[in-house]
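What follows is each chain in one-letter form.
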Amino acid sequence: MTDSETNASAHDEDLAEFKTSALYVVGTPIGHLGELSARAIAALRAADLIACEDTRGTARLARHLSLRAPLVAVHEHNERSGADRLIAALGEGKRVALVSDAGTPAVSDPGAKVVRAVQDAGFRVIPVSGPSAAVVALSASGLLDAQFRFVGFLPPKSAARRRVLEGLCEQDCALVFYEAPHRIVECVDDIVAVMQPQRELVVARELTKLFEQIVRLPLADAPAWLQADANHQRGEFVLLLSAPPQAEGLDAATLRTLGLLLDELPPSRAVKLAQAITGAPRKLLYAHAMTLGVDAPADDDSLG
Ligand code: SAM
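Model, not experiment: these values are computed from the prediction.

So, how was this worked out
- Residues numbered from 1 in each chain as written.
- Predicted model: local features only at pLDDT ≥ 70, side-chain atom pairs only at ≥ 80, totals over all residues.
- Heavy atoms only, no water.
- Helix = DSSP H or I, 4+ residues; strand = E, 2+ residues; numbered from the N terminus.
- Rg over C-alpha atoms; globule rule 2.2 N^0.38 Å.
- Buried < 20%, exposed > 50% of the residue type's maximum accessible area, 1.4 Å probe, protein only.
- Contact = heavy atoms within 4.5 Å.
- Areas by Shrake-Rupley, 256 points an atom, 1.4 Å probe, with all protein chains shown as cover.
- Lys, Arg positive; Asp, Glu negative; His and termini not counted.
- Charge placed at Lys NZ, Arg CZ, Asp CG, Glu CD.
- Expected span 1.5 Å × (residues − 1).
- Pairing = 2+ DSSP bridges.
- Axes fitted to C-alpha atoms, helices over the stretch in contact; angles between N-to-C directions.
- Core = buried A, V, L, I, M, F, W, Y, C linked by side-chain atoms within 4.5 Å.
- Left-handed = near helix turned anticlockwise from the far one by under 90°.
- Nonpolar A, V, L, I, M, F, W, Y, C, P; charged D, E, K, R; others polar.
- Domains from an automatic or database assignment.
- Buried area = accessible area lost by both parts, 1.4 Å probe.
- Salt bridge = Lys/Arg side-chain N within 4 Å of Asp/Glu carboxyl O.
- Polar contact = N/O pair within 3.5 Å; in protein donor to acceptor, adjacent residues only side chain to side chain.
- Near = heavy atom within 4 Å.
- Phe/Tyr/Trp six-rings, centres within 6.5 Å; stacked < 30°, edge-to-face > 60°.

## Remarks on the overall build of the protein chain
Tallying secondary structure elements over the protein chain gives twelve helices and ten strands in all. Against the globule reference of 19 Å for 304 residues, the protein chain gives a C-alpha radius of gyration of 25 Å, more extended than a compact globule. With 304 residues in all, the protein chain has 42% of them scored as buried. Residue pairs at least 24 apart in sequence account for 69% of intrachain contacts in the protein chain once pairs closer than 6 positions are excluded. On the protein chain, roughly 15600 Å² of surface is accessible, and the fraction owed to carbon and sulfur atoms is 52%. Taken together, the 30 basic and 39 acidic charged side chains of the protein chain have centroids lying 5 Å from each other.

## Quick word on helix α10 (residues 252-264)
The end-to-end C-alpha distance of α10, which contains 13 residues, comes to 19 Å, matching closely the 18 Å that a straight helix rising 1.5 Å per residue would cover. All buried positions along α10 are accounted for by Ala 252, Thr 254, Leu 255, Arg 256, Thr 257, Leu 258, Leu 261 and Leu 262. Close packing links the buried residues of α10 with α7 (158-168), α8 (184-194), α11 (267-278) and α12 (282-291).

## A closer look at the sheet that holds strand β5 (residues 124-128)
The five strands lie next to each other as β3-β2-β4-β1-β5, forming an open sheet whose pairing is parallel. With partners counted over all chains shown, the strands left at the sheet margins are β3 (71-73) and β5, one partner each. On average, each strand axis in the sheet is tilted by 25 degrees relative to the strand beside it, whichever way the strands run. Pairing analysis gives three bridges linking strand β2 (residues 49-52) to strand β4 (residues 95-98), with the strands arranged parallel.

## Focus on the nonpolar core
Within the largest apolar cluster, 24 residues are counted, with the highest numbers of intra-cluster contacts made by Phe 177, Ile 191, Met 195, Leu 201, Leu 239 and Leu 241. Mapped by element, the contributors of at least two residues to this core are α7, β7 (174-179), α8, β8 (200-205), β9 (213-218), α9 (222-227) and β10 (237-241). Per-element accounting of this core gives the leading share, five residues, to α8. Among the nonpolar cores identified, the runner-up in size contains 22 residues, and Ala 22, Ala 43, Ala 62 and Ile 126 belong to it.

## Notes on the sheet that holds strand β6 (residues 148-153)
Spatially, β6-β7-β10-β8-β9 is the arrangement adopted by the five strands of the open sheet, whose pairing is mixed. Looking at the sheet topology across the chains shown, the edges are occupied by β6 and β9. Recorded for the sheet is a direction-independent mean angle of 15 degrees between the axes of neighbouring strands. Pairing of β7 with β10 involves five bridges; the strand directions are antiparallel. Counterpart to Val 176 in the pairing with β10 is Leu 240. The strands touched by α8 within the sheet are β7, β8 and β10, with β10 carrying the most contacts at an inclination of about 5 degrees.

## Comments concerning the packing of α10 against α11
Contact geometry for α10 and α11: axes closest at 9 Å, N-to-C directions at 145 degrees. Note that α10 runs across α11; the crossing there is right-handed. Taken together, the residues of α11 that come into contact with α10 (itself represented by Thr 254, Thr 257, Leu 258, Leu 261 and Leu 262) are Pro 267, Ala 270, Val 271, Leu 273, Ala 274, Ile 277 and Thr 278. Grouping the constituent residues of the contact of α10 with α11 by class yields nine nonpolar, three polar and no charged.

## Some words on the domain arrangement of the protein chain
When its domains are assigned, the protein chain resolves into domain 1 (3-131), domain 2 (134-241) and domain 3 (252-302). Contact with domain 2, which involves seven residues of that partner, is made by four residues of domain 3. Taking both sides of the interface into account, the surface hidden between domain 2 and domain 3 amounts to around 460 Å²; carbon and sulfur atoms contribute 49%. Inspection of the region where domain 2 meets domain 3 yields one salt bridge. Arg 256 is the partner of Glu 170 in a salt bridge, and the nearest nitrogen-oxygen pair spans 3.7 Å. Inspection of the region where domain 2 meets domain 3 yields zero residue pairs in polar contact (both at pLDDT 80 or more).

## Quick notes on the site of the ligand
Around the ligand sit 19 residues in total, of which Thr 104, Val 107, Ser 132, Ala 133 and Phe 237 are the nearest. Take Glu 179: an N or O atom from its main chain is 3.3 Å from an oxygen atom of the ligand. In isolation the ligand offers 580 Å² of accessible surface; the protein chains occlude 90% of this area. Residue assignment for the shell around the ligand shows that the elements contributing at least two residues are β7 and β10. In the shell around the ligand, the residues fall into ten nonpolar, four polar and five charged.

## Focus on the packing of aromatic side chains
Within this structure, the stated rule accounts for three aromatic pairs. Ring centres of Phe 150 and Tyr 178 lie 5.1 Å apart, and the angle between their planes is 70 degrees; on these two criteria the pair is classed as edge-to-face. Taken together, the residues Phe 150 in strand β6 and Tyr 178 in strand β7 connect sequence positions 28 residues apart. A relative accessible area of 30% means that Phe 150 is categorised as partly exposed. Between Phe 153 and Tyr 178, the ring centres sit 5.8 Å apart and the planes meet at 65 degrees, which makes this aromatic pair edge-to-face.

Structure follows, in structure tokens:
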């Protein structure tokens, strides 16, 4: 068989595997091109039309894979009208692929509205899984928390960002954020200002790329680490924050209340108020206050 006959028969196999009138949501690499799966390549080769965020970015992938399908831009500003165009193609029996610039479409990327519109129009949506930076970072983070919450990008302005962080700080799970290099320093500063100091921060940058770096630090040390080397502030970032500390018998909300009161008041007063607000046992509150380096007053027998 000649090379072109081999390619033609591989293309026929791809066409047989992928149904017509279906939208394929295809995950693409977040860095290393070797992480493009064989099934993703087959889906892209079978597609009659490829919807992408930015045609220039996806054109590089298309050249790399010798794709022939036309690329159509569907981004956050035209997602609804773009979806109509894709639905029309599906109505003509086409196979349509949807990709984003990198990673998994619809995860902090356009795609969710297209998927919903296509489903609502009665067509099948088929995922072709690939990497997502959040999960890639989690897998190599060294965090032990059983649960995580994916937050994605925080608001760009500090006041709004701190408000969102305050709403998250009592969640009993690890938190996963995306951040751009030009905001990484101020974002980490706000996390340090709002979150419990006993938490760990994992900075995962340039995942699967040449300058990949994954470091796990006590939260309070993170700003100094970012300042230690200009390269530490370059590239693409996932930030992961370990779950809030657990003290026996005290939940995260109680610990936060106690921590805030201890910042402002003498320990005996802080514990008394924390008990009144949360209903937690005074003895446990004192015991936890002491683990934070706070001394019980000499005449206090609450710990007895
Ligand atoms: N949909 C993509 C996904 O599932 O991974 C995420 C798209 S979002 C617009 C882009 C953000 O993902 C970046 O700003 C960064 O926070 C994170 N990211 C993407 N690639 C990364 C990489 N190689 N290393 C670290 N973070 C990355």
